[in-house]
Amino acid sequence: MTDTVPAGLIAILRGVRSDEVLDIAEGIVDAGFSAIEVPLNSPDPLDSITALSKRFGDRVQIGAGTVLTASQVRDCEQAGARIIVAPDTDREVITTALELGLTPYPGATTPTEAFAAIKAGTTKVKLFPSTAVGISGLKAWTEVLPAGTELFPVGGVGADNAAEWRQAGAAGLGLGSSLYRRGDRPEDVHDRARAIASAWTQAH
């Protein structure tokens, strides 16, 4: 399945512990996700990022989420992160990530914020929360944003609406609570990951 699932699915493991993260991630990687993000407000996030990078870094992109400062970007890069996901469009976070050769995913809720992020150098924008933008909003954004801009809805996305988002023009999805909640069993996360990947693939 890994070879047939298109890039774009990002697992958000908010609250995951470093002693369980590899077991949780195994099924996500197997399902064909292209990236795994550990938000910095999780327990020992840099330890989790390091462990994931060592185990799965040659198969998927490993990154950090809820990154708010340039200093955090540098810490994440040292831990092995390759993507930097933020809830806002802080210019210094974006430019620091780019200077370090990392891929930033700043979060925007309005076209104005998206344009600010693009002017700072990113080509990937997280729609967050995607419920505030909506399917129709994403379609409208794609009409005005520069060619090559990739939009990733996050928040309120899952297997039930993955196809609709993709058909509207989403380049990928960030999956949080619809995929993993703190305390979930690895096998349950794997099942959800497979369902999400299947829905995403069938929308192609």
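Above this text sits the structure in question.
Notes on the structure in this doc start here.

Parameters and conventions
- The written sequence of each chain sets the order in which its residues are numbered from 1.
- With pLDDT at 70 or above as the cut-off, local features in this predicted model cover only qualifying residues; side-chain atom pairs require 80 or more to be listed or tallied, and sums for whole chains, interfaces and linings still use all residues.
- Computation of side-chain values covers all heavy atoms of the structure but excludes hydrogens and water.
- Strands here mean DSSP runs of E at least two residues long; helices mean DSSP runs of H or I at least four residues long; both are numbered from the N terminus.
- Here the term buried applies to any residue with accessible area under 20% of the maximum for its type, exposed to any over 50%, and partly exposed to those in between, with areas from a 1.4 Å probe on protein chains only.
- Throughout, a contact is declared for two residues whenever any of their heavy atoms are within 4.5 Å.
- If DSSP finds at least two bridges between two strands, the strands pair.
- Looking down the strands as they point away from you, a crossover is right-handed if its path from the first strand over the helix to the second goes clockwise.
- For a helix, the expected span equals 1.5 Å multiplied by the residue count minus one.
- Fitted lines through C-alpha atoms serve as axes, helices being fitted only where they are in contact, and the angles separating the N-to-C directions of these axes extend from 0 to 180 degrees.
- Polar contacts, as used here, are pairs of N or O atoms within 3.5 Å; protein pairs need one atom able to donate a hydrogen and one able to accept it. Residues neighboring in sequence count only if both atoms are side-chain atoms.
- Orientation labels follow simple angle bins: below 35 degrees gives roughly parallel, above 145 gives roughly antiparallel, 65 to 115 gives roughly perpendicular, and whatever is left gives oblique.
- Each crossing gets its handedness from the near helix: less than a right angle anticlockwise from the far helix is left-handed, clockwise is right-handed.
- All residues other than Ala, Val, Leu, Ile, Met, Phe, Trp, Tyr, Cys, Pro, Asp, Glu, Lys and Arg, Gly among them, are scored as polar; the first ten of these are nonpolar and the last four charged.

1. Topic: the environment of A159
Take A159: it is sitting in the loop between β8 (150-153) and α7 (162-168). For A159, a relative accessible area of 38% gives the class partly exposed. Taking C-alpha positions, A159 is 7.9 Å from R192, a pair spaced 33 residues apart along the chain. Every residue in contact with A159, bar those within four places of it in the chain, is listed here: A195, I196 and A199.

2. Section: the environment of P111
When you line up the elements, P111 lands in helix α5 (residues 111-119). Overall, the relative accessible area of 34% leaves P111 in the partly exposed class. Put simply, P111 and V133 are 22 residues apart on the chain and 9.7 Å apart in space, counted from C-alpha to C-alpha.

3. Describing unusual backbone geometry
Across the junction of F128 and P129, the peptide omega takes the value -10 degrees, indicating a cis bond. On the secondary structure map, P129 appears in the loop between β7 (124-127) and α6 (130-144). Within the chain, D44 stands out as a residue other than glycine whose phi angle is a positive 45 degrees. Examined against the element boundaries, D44 turns out to sit in the loop between β2 (35-39) and α2 (45-56).

4. Notes on the side chain of S130
With respect to the helices, strands and loops of the structure, S130 is situated in helix α6. A residue is classified by how much of its surface remains accessible, and S130, at 0% relative accessible area, is buried. If we ignore the near neighbours within four places in the chain, the residues touching S130 are P153, V154, G155, G156, V157 and W165.

5. Things to note about the pairing of strand β1 (residues 9-12)
Going residue by residue along β1, you find L9 and A11 tucked away on one face and I10 and I12 tucked away on the opposite face as well. Here three bridges tie β1 to strand β9 (residues 173-175), and the two strands are oriented parallel to one another. Bridge pairing links L9 to L173 in β9. Between the parallel elements β1 and β2, the chain passes through helix α1 (residues 21-31) in a crossover that is right-handed.

6. What about α6?
Here α6 contains 15 residues, and its C-alpha end-to-end distance of 18 Å is more than 12% below the 21 Å for a straight helix at 1.5 Å per residue. Within α6 the residues assigned to the buried category are S130, V133, G134, I135, G137, L138 and W141. The inward-facing, buried residues of α6 abut β6 (107-108), α5, β7, β8 and α7.

7. Overview of the sheet that holds strand β4 (residues 83-85)
Hydrogen bonds along the backbone pair up the strands of a sheet, which may run parallel or antiparallel. With parallel pairing, six strands are arranged side by side in an open sheet as β5-β4-β3-β2-β1-β9. Strand pairing shows two members of the sheet lacking a second neighbour, β5 (103-105) and β9, which therefore form its edges. Each strand axis lies, on average, 25 degrees off the axis of its neighbour in the sheet, ignoring direction.

8. Here's the deal with helix α4 (residues 91-99)
All buried positions along α4 are accounted for by V93, I94, T96 and A97. Structurally, α4 contributes buried residues whose contacts are with α3 (70-79), β4, β5 and α5. Structurally, the start of α4 carries an N-cap: the backbone nitrogen of E92 is 3.1 Å from a side-chain oxygen of D90. Immediately downstream of α4, the backbone of G101 shows phi near 80 degrees, a positive value.

9. Looking at the packing of α1 against α2
Where α1 meets α2, the axes come as close as 10 Å, and the angle between the chain directions of the two elements is 45 degrees. On the basis of their axis angle, the class for α1 and α2 is oblique. For the element pair α1 and α2, the recorded crossing hand is right-handed. Facing V21, L22, A25, E26 and V29 of α1, the residues of α2 in contact are S48, A51, L52, R55 and F56. For the contact of α1 with α2, the per-class residue count stands at seven nonpolar, one polar and two charged.

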